Amino acid sequence: MTHYCSSCFLREAPVAGGSCPPCRSVRAYRLGIEVRGLLRRAAVQFQVAADAAHNGMEQEDIRVSLREVIRADAASVGAWEIIQAAQELVNRMAAIHAETAVAIGAELIQALERAGEIAGLVGEALDAVTARLAALA
């Protein structure tokens, strides 16, 4: 029995209810666009977090420093949530088209490494502000 593509209904599909190879490639390409968009949003959040952490360590007023560190923490958490959404899309993509998922996986790894750097920076800023608060007490 011949099975047809569930997306285009024109070409034969390898399994019943499945998609033909061209349709799988198109779906993987579209998921790749979504993942790259999410990674760009995460990069913006990382930059906001880094700037806020640096500002928090450099401010003279302890209240401004604390506000900036809280802002940095919130931005890094937001970036982490975006990266998790991108990871879910890459997992879906791997089931559709493994080669594309591997290529995007490298970009995802870079974003995860950046997340580690930002988490360390935010931690340093929080430690600096905490030390300043302890000195005031």
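See the structure printed just above.
Let us look at the structure shown here. (Residues numbered from 1 in each chain as written. Predicted model: local features only at pLDDT ≥ 70, side-chain atom pairs only at ≥ 80, totals over all residues. Heavy atoms only, no water.)

**A short note on the pattern of salt bridges**
Phase 1 of the analysis: Evaluation of the coordinates by the stated rule reveals four salt bridges.
Phase 2 of the analysis: With a shortest N-O distance of 2.9 Å, E68 and R71 are connected by a salt bridge. Remark: R71 and E68 occur in helix α2 (residues 62–96); sequence separation between them is three residues, near one turn of the helix.
Phase 3 of the analysis: Taking relative accessible area as the criterion, R71 reaches 40% and is therefore assigned partly exposed.
Phase 4 of the analysis: The partner of R114 in a salt bridge is E117, and the shortest N-O contact between them spans 3.4 Å. (Salt bridge = Lys/Arg side-chain N within 4 Å of Asp/Glu carboxyl O. Helix = DSSP H or I, 4+ residues; strand = E, 2+ residues; numbered from the N terminus. Buried < 20%, exposed > 50% of the residue type's maximum accessible area, 1.4 Å probe, protein only.)

**Quick look at the environment of N91**
Phase 1 of the analysis: Relative to the assigned elements, N91 resides in helix α2.
Phase 2 of the analysis: Measuring from C-alpha to C-alpha, the distance between N91 and G105 comes to 9.5 Å, with 14 residues separating the pair along the chain.

**Observations regarding the packing of α2 against helix α3 (residues 98–136)**
Phase 1 of the analysis: The interhelical angle for the contact between α2 and α3, taken along N-to-C directions, is 165 degrees, at an axis separation of 9 Å. With respect to α3, the element α2 is oriented roughly antiparallel. For the pair α2 and α3, the crossing hand works out as left-handed.
Phase 2 of the analysis: A breakdown of the residues in the contact of α2 with α3 according to their chemical character gives 25 nonpolar, four polar and two charged. (Axes fitted to C-alpha atoms, helices over the stretch in contact; angles between N-to-C directions. Parallel < 35°, antiparallel > 145°, perpendicular 65-115°, else oblique. Left-handed = near helix turned anticlockwise from the far one by under 90°. Nonpolar A, V, L, I, M, F, W, Y, C, P; charged D, E, K, R; others polar.)

**Digging into a nonpolar patch on the surface**
Phase 1 of the analysis: Together, L66, I70, L133 and L136 make up an exposed nonpolar region whose accessible area comes to about 370 Å².
Phase 2 of the analysis: Counting only elements with at least two residues in the nonpolar patch, the list comes to α2 and α3.
Phase 3 of the analysis: Looking at the secondary structure, you find L66 in helix α2. (Patch = residues over 30% accessible without salt bridge, like charges linked within 9 Å, V, L, I, M, F, W, Y side chains within 5 Å. Areas by Shrake-Rupley, 256 points an atom, 1.4 Å probe, with all protein chains shown as cover.)

**A short note on the nonpolar core**
One broad rule of soluble globular proteins: the nonpolar side chains tend to lie buried together.
Phase 1 of the analysis: By size, the foremost hydrophobic cluster in this structure holds 33 residues, and its most contacted members are V35, F46, I83 and M93.
Phase 2 of the analysis: Those elements that provide at least two residues to this core are α1 (21–58), α2 and α3.
Phase 3 of the analysis: Of the residues forming this core, the biggest block, twelve residues, is contributed by α2.
Phase 4 of the analysis: Discounting residues that sit within four places of it in the chain, V35 has contacts with A86, L89, V90, M93 and I104. (Core = buried A, V, L, I, M, F, W, Y, C linked by side-chain atoms within 4.5 Å. Contact = heavy atoms within 4.5 Å.)

Remember, this is a structural readout, not a statement about activity or role.
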